[in-house]
Amino acid sequence: MRHEISPETWEDYMENTLAAAERNRVSAHLEACAECRAMAAQASHSTARLHGTARQINAAWAVSDEKLETAWQAALAQLKAEAVPVRERLDELEATMTVLCGAHTAAQALQAAAAESPARSLARLTRENWEPFLRSLLAIVRALCGRTGARLILESGQL
Amino acid sequence: MTKMTRIRWITPGLVWRLLALNLALNLALFLPAQLGWIARPAGALAAVGLLGGLCAYGLALLVCLKIEEEYRDAPLFRWAWLGMAANAAILLFRPLAQDTLAEVLWPDFHASPWRLLLRHVLIVAGNLALGLSLLAMWWGYRRLRLGFHIRRRDYAAMAGLLVLLAALAGVRENLTEAASPFAANRVLQLVGLALLFVIAVAGIVLQRIAAQMNGGRLAVVLRWLTIYVLLRLGLVVLASLLRAAFPDAPWASDVSRFAWQAVAWVFTLTVAYQMRVTLTAAEQLESVRQKRIVDKPAMIS
């Protein structure tokens, strides 16, 4: 599916500052595209966390914009640091499983494990919901490749 | 180190070499006799057949039992590999019911009516074990819900197999047991044939799953399993055709016998490829552990 939504449009959409016609176009695309829907959900989650952090800082101290910006950047960096190992680990797991049971099976197994875990989708995987995802994946790999395959996924899947 | 690594010497390469050796020995005995240089060495041919079968299915049984241990946490796949082990164990005894060497253990065995009954009981039991194991495997893949699905052309192939079964049943007077005075032999041969078709249908499903896997060691196993089950069916059909076309030619039964010996090695090859799945996983696991040992001091410093 062609997405045809620029990063700027995404940002304005998430910030709710998009013109009505453009906003309707993006909403219609989201209804049809599961990939973008998952990405929007992830972005919405991250934005909400950043706003929450800003509110906490504001409530705790009366701070200058400069300090607020620093805290904001720190929270952003933490979010990024959380997301990178998850993505890297997913890629490694997919590569490992592809050797054993093929590219299609590996991709499907990761998606099925994510769907059964509290994350519900690969895009929503975080450090917090990684363990239940890994457990679901282990059950699938145990059936496909046996105990040794499952041990491999368990050890390769540690964050 | 997994238990599997103790039998890691049973590689697909070794099995290919043993298969080649088995066929070469057969040809070395068969061709000079066909060319009229020597008398037909019936005893030596039977000995090669018996030893080849025992060796192929013995190795396969050993590997199947190790694979079964690997799948202890996945009941359907565990039953599938237990079924394969049962198939190998049953087929280990099958040569005893059809080779002249059995005469050593049981005088006048060849003329005994029990010989064919025993042979068909073993065939049906082996087919039943293999059929159930393939069905368990198919059901296991289905339950995983990984997007494997049967296509229209698979249904067409299954329909083709059904037509072939109906055709064979229609001309069943060509079957070896058609004129048997024992009703049990006639019925068992038909049941064995029907099971062979069920197995071939399951083979088509497994081939589709292998294709949809899009590569990987496991797909190789499923492809060889499909080749094994389709070869078995193909040989039964071919043997019937040869018997109908050349009723008095001893070479026809020799060719069919060599082909069955090759089929035994194809089964061993299949389980050797499955063992390679586990060994590959074990190697990757070792590499992950080594990487962690190397990375740890770097993280501390």
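Given the structure is predicted, the values throughout are model-derived calculations rather than measurements. (Residues numbered from 1 in each chain as written. Chains lettered and ligands numbered in written order. Predicted model: local features only at pLDDT ≥ 70, side-chain atom pairs only at ≥ 80, totals over all residues.)

With that settled, consider the overall build of chain B. Along its length, chain B carries nine helices and zero strands. What you see in chain B, going N to C, is helices and strands ordered as α-α-α-α-α-α-α-α-α. When burial is assessed residue by residue, chain B has 39% of its 301 residues classed as buried. (Helix = DSSP H or I, 4+ residues; strand = E, 2+ residues; numbered from the N terminus. Buried ≥ 20, exposed ≤ 12 C-beta atoms within 10 Å, placed from the backbone.)

The next subject is the overall build of chain A. Along the backbone of chain A there are six helices and zero strands. Walking chain A from its N terminus toward its C terminus, one meets helices and strands in the order α-α-α-α-α-α. For chain A, whose C-alpha radius of gyration is 19 Å, the value lies well above the compact-globule estimate of 15 Å for 159 residues. A principal-axis box enclosing the C-alpha atoms of chain A has dimensions of 55 × 40 × 20 Å. (Rg over C-alpha atoms; globule rule 2.2 N^0.38 Å.)

Let us look at the nonpolar core. Residues and elements named next belong to chain B. Counting residues in hydrophobic clusters, the biggest one holds 99 residues, and the most contacted among them are Ala60, Cys64, Ala88, Leu206 and Leu218. No other element matches helix α7 (residues 183-213), which puts 15 residues into this core. Residues contacting Ala60, with those up to four places away along its chain left out, are Ala88, Phe267, Thr268 and Val271. (Core = buried A, V, L, I, M, F, W, Y, C linked by C-beta atoms within 7 Å. Contact = placed C-beta atoms within 7 Å.)

Further remarks concern the interface of chain B and chain A. In this complex, chain B contributes 29 residues to the contact, which on the side of chain A involves 25 residues. Of all the elements in the fold, those that place two or more residues in the side of chain B that touches chain A are α5 (113-144), α7, α8 (217-245) and α9 (250-300) of chain B. Per-element accounting of the side of chain B that touches chain A gives the leading share, nine residues, to α9 of chain B. A class-by-class count of the residues in the side of chain B that touches chain A yields 13 nonpolar, ten polar and six charged. (Nonpolar A, V, L, I, M, F, W, Y, C, P; charged D, E, K, R; others polar.)

On to the packing of helix α2 (residues 42-70) of chain B against helix α3 (residues 75-93) of chain B. All names here are of chain B. Between α2 and α3, whose axes approach to 8 Å, the crossing angle comes to 160°. One element, α2, and the other, α3, form an angle in the roughly antiparallel class. In the packing of α2 onto α3, the handedness of the crossing is left-handed. Residues Leu54, Tyr57, Gly58, Ala60, Leu61, Cys64, Leu65, Ile67 and Glu68 of α2 pack against Arg78, Trp81, Leu82, Met84, Ala85, Ala88, Ala89, Leu91 and Leu92 of α3. Along the lines of polarity and charge, the residues of the contact of α2 with α3 split into 15 nonpolar, one polar and two charged. (Axes fitted to C-alpha atoms, helices over the stretch in contact; angles between N-to-C directions. Parallel < 35°, antiparallel > 145°, perpendicular 65-115°, else oblique. Left-handed = near helix turned anticlockwise from the far one by under 90°.)

Angle between the axes and distance between the axes are the two parameters that describe a pair of packed helices. All names here are of chain B. Orientation of α7 relative to α8, taken along the N-to-C sense of each, is 150°, at an axis distance of 8 Å. Viewed along their axes, α7 and α8 adopt a mutual orientation that is roughly antiparallel. In this structure, the crossing between α7 and α8 has a hand that is left-handed. For the pair formed by α7 and α8, the contact residues are Leu193, Leu196, Phe197, Ile199, Ala200, Gly203, Leu206, Gln207, Ile209, Ala210 and Met213 on the first element and Leu218, Ala219, Leu222, Arg223, Leu225, Thr226, Val229, Leu230, Arg232, Leu233 and Val236 on the second. A breakdown of the residues in the contact of α7 with α8 according to their chemical character gives 17 nonpolar, three polar and two charged.

For Arg120 of chain A, which is not glycine, the phi dihedral falls at a positive 70°. Among the structural elements, Arg120 of chain A can be located in the loop between α5 (103-116) and α6 (130-156). Backbone geometry places Asn214 of chain B, a non-glycine residue, at a positive phi of 60°. Checked against the element boundaries, Asn214 of chain B lands in the loop between α7 and α8.

All names here are of chain B. Among the structural elements, Phe197 can be located in helix α7. C-beta crowding within 10 Å serves as the criterion here: with 21 such atoms nearby, Phe197 is assigned to the buried category. When the C-alpha positions of Phe197 and Leu161 are compared, they lie 6.9 Å apart, and in sequence the two are 36 residues distant.

Our next topic: α5 of chain A. With 14 residues, α5 of chain A extends 20 Å between its outermost C-alpha atoms, agreeing within 8% with the 20 Å of an ideal straight helix rising 1.5 Å per residue. By the burial criterion, the buried members of α5 of chain A are Thr105, Ala106, Gln108, Ala109, Leu110, Ala113 and Ala114 of chain A. (Expected span 1.5 Å × (residues − 1).)

Residues and elements named next belong to chain B. On average, residues of chain B score 86 in pLDDT, and 87% of them are at 70 or above. Of all the helices and strands in chain B, helix α4 (residues 102-105) carries the lowest mean pLDDT, 64, while α3 carries the highest, 94. What the predictor reports for the complex is a pTM of 0.77 with an ipTM of 0.83. (pLDDT = per-residue confidence, 0-100.)

To continue, consider the environment of His29 of chain A. All names here are of chain A. Along the chain, His29 falls in helix α2 (residues 20-32). For His29, a count of 17 C-beta atoms within 10 Å corresponds to the partly exposed category. The sequence separation of His29 and Leu154 amounts to 125 residues, and the corresponding C-alpha distance is 37 Å.

Compared with the 45 Å implied by 1.5 Å per residue over 31 residues, the 45 Å span of α7 of chain B between its first and last C-alpha is a close match. After α7 of chain B finishes, the residue Asn214 of chain B shows a positive phi value of roughly 60°.

Another point: the environment of Arg89 of chain A. Residues and elements named next belong to chain A. Inspection of the secondary structure puts Arg89 in helix α4 (residues 65-101). Residues Arg89 and Leu110, 21 residues apart in the sequence, show an inter-C-alpha distance of 11 Å. Dropping the residues within four chain positions of it, Arg89 is found in contact with Gly157 and Leu159.

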